[in-house]
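Single-letter residue listing:
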Amino acid sequence: MNARVCCSLIAVLLCLSVCLSTTDAKKHVRGKRNARLSPAKPGVCPDDKDMIGACVEKCFGDRECPDDQKCCSNGCGHQCMPPYTEKPGVCPKMNLKDCAQLCSQDGQCPGDQKCCSNKCGHRCVPPYKEKPGVCPKMNPKDCAQSCSLDDDCLNDQKCCSSGCGRQCMSPYKEKPGVCPKMNLKDCAQLCSQDGQCPGDQKCCSNKCGHRCVPPYKEKPGVCPVSFAGVKGLCAEELCVSDFDCPGNEKCCSSFCGGRMCTPAS
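What counts and how
- Residues numbered from 1 in each chain as written.
- Predicted model: local features only at pLDDT ≥ 70, side-chain atom pairs only at ≥ 80, totals over all residues.
- Heavy atoms only, no water.
- Helix = DSSP H or I, 4+ residues; strand = E, 2+ residues; numbered from the N terminus.
- Buried < 20%, exposed > 50% of the residue type's maximum accessible area, 1.4 Å probe, protein only.
- Pairing = 2+ DSSP bridges.
- Salt bridge = Lys/Arg side-chain N within 4 Å of Asp/Glu carboxyl O.
- Disulfide = S-S within 2.5 Å.

**Student:** Explain the side chain of Arg-259 to me, and be specific about the residues and the numbers.
**Tutor:** Tracing the backbone through its elements, the reader meets Arg-259 in strand β10 (residues 259–262). Accessibility expressed as a relative area gives 17% for Arg-259, which makes it buried.

**Student:** Which residues make up the pairing of strand β2 (residues 78–81), and what values go with them?
**Tutor:** Note: strand β1 (residues 70–73) against β2, four bridges, orientation antiparallel. In the strand pairing of β2, Lys-70 is matched with Met-81. The loop that links β1 with its antiparallel partner β2 comprises four residues; one of these, Gly-75, has a positive phi angle of about 100°.

**Student:** Quick one: what's the story with the pattern of salt bridges, residue by residue and with numbers?
**Tutor:** One pass over the full model with this rule turns up five salt bridges. Note that Asp-62 and Lys-70 form a salt bridge whose closest N and O atoms lie 2.8 Å from each other. Lys-70 matches Asp-62 in its accessibility class, with the two residues each being buried. With a closest N to O distance of 3.2 Å, Lys-202 and Asp-194 form a salt bridge. With respect to burial, Lys-202 and Asp-194 carry one shared label: buried. The network of salt bridges with shared partners includes Glu-130, Asp-150 and Lys-158.

**Student:** Explain the state of the cysteines residue by residue, including any values.
**Tutor:** Taken as a whole, this structure holds 18 disulfides when the rule is applied. The side chain of Cys-65 participates in a disulfide bridge whose partner is Cys-80; the two sulfur atoms lie 2.1 Å from each other. Across the S-S bond linking Cys-65 and Cys-80, the dihedral sits near -85°, which makes this disulfide left-handed. Here Cys-65, found in the loop between α1 (2–37) and β1, pairs with Cys-80, found in strand β2; they are 15 residues apart in sequence, far enough to count as distant. By relative accessible area, Cys-65 is classed as buried at 7%. The residue that forms a disulfide with Cys-103 is Cys-115, at a sulfur-sulfur distance of 2.1 Å. A torsion of 100° about the S-S bond marks the disulfide between Cys-103 and Cys-115 as right-handed. On the criterion of sequence distance, the pair formed by Cys-103 in the loop between β2 and β3 (114–117) and Cys-115 in strand β3 is long-range, its members being twelve residues apart. Here Cys-103 and Cys-115 have matching classes, each one buried.

Right, dumping it as structure tokens:
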């Protein structure tokens, strides 16, 4: 009798256990369905393309997440995450070899930093802030890549592009004065801005090259009206400014198109 009663009690307990398990499972499924059917919170989930999260379903809908967090995919499972919020600013150009995956959205970065991609990884970096000033004209054959944004450069230097590479250079600052007329056949590229020239010299162009030359300063006196040049040298450029001439001689233009040093009248 006792054995029969014990067996009956065990059978009843097993039935209750199965019923409770079935009820819990139904509630779980119903909860999942209700969570997924509940209205979504405003905002967009961050891109899970580069995420590698735990393969666990920690939530089934936005309703299960605190505050403004959303139930988002982490690349394998789902978990509560802050919605994607883009901070103002532009991402700088980054090192293409840096494949570290340190963030997935701006909200994970401190301060005004942005989660920026280099097409290989993501990391928090300050937004691009251009320093004041204008980049000088650069040698298009200079393909050195020594910077990616102005913040990589010291003091007031800017990260300037040559169309082929980028390097830190002082912003263009024009010195006072006027460039003299220069030899059109001199194609040397010896400077790109006035700041690279000593003293009051200017970086002047002859439409072929650039070199540092003293600014044009006219000597006192007047070129002779009747100056017609020297036979055989009439059309040659023997000077480009008064600085090329000794003493008080001036660089005067002849009637036949040349220039040469001549005593002032």
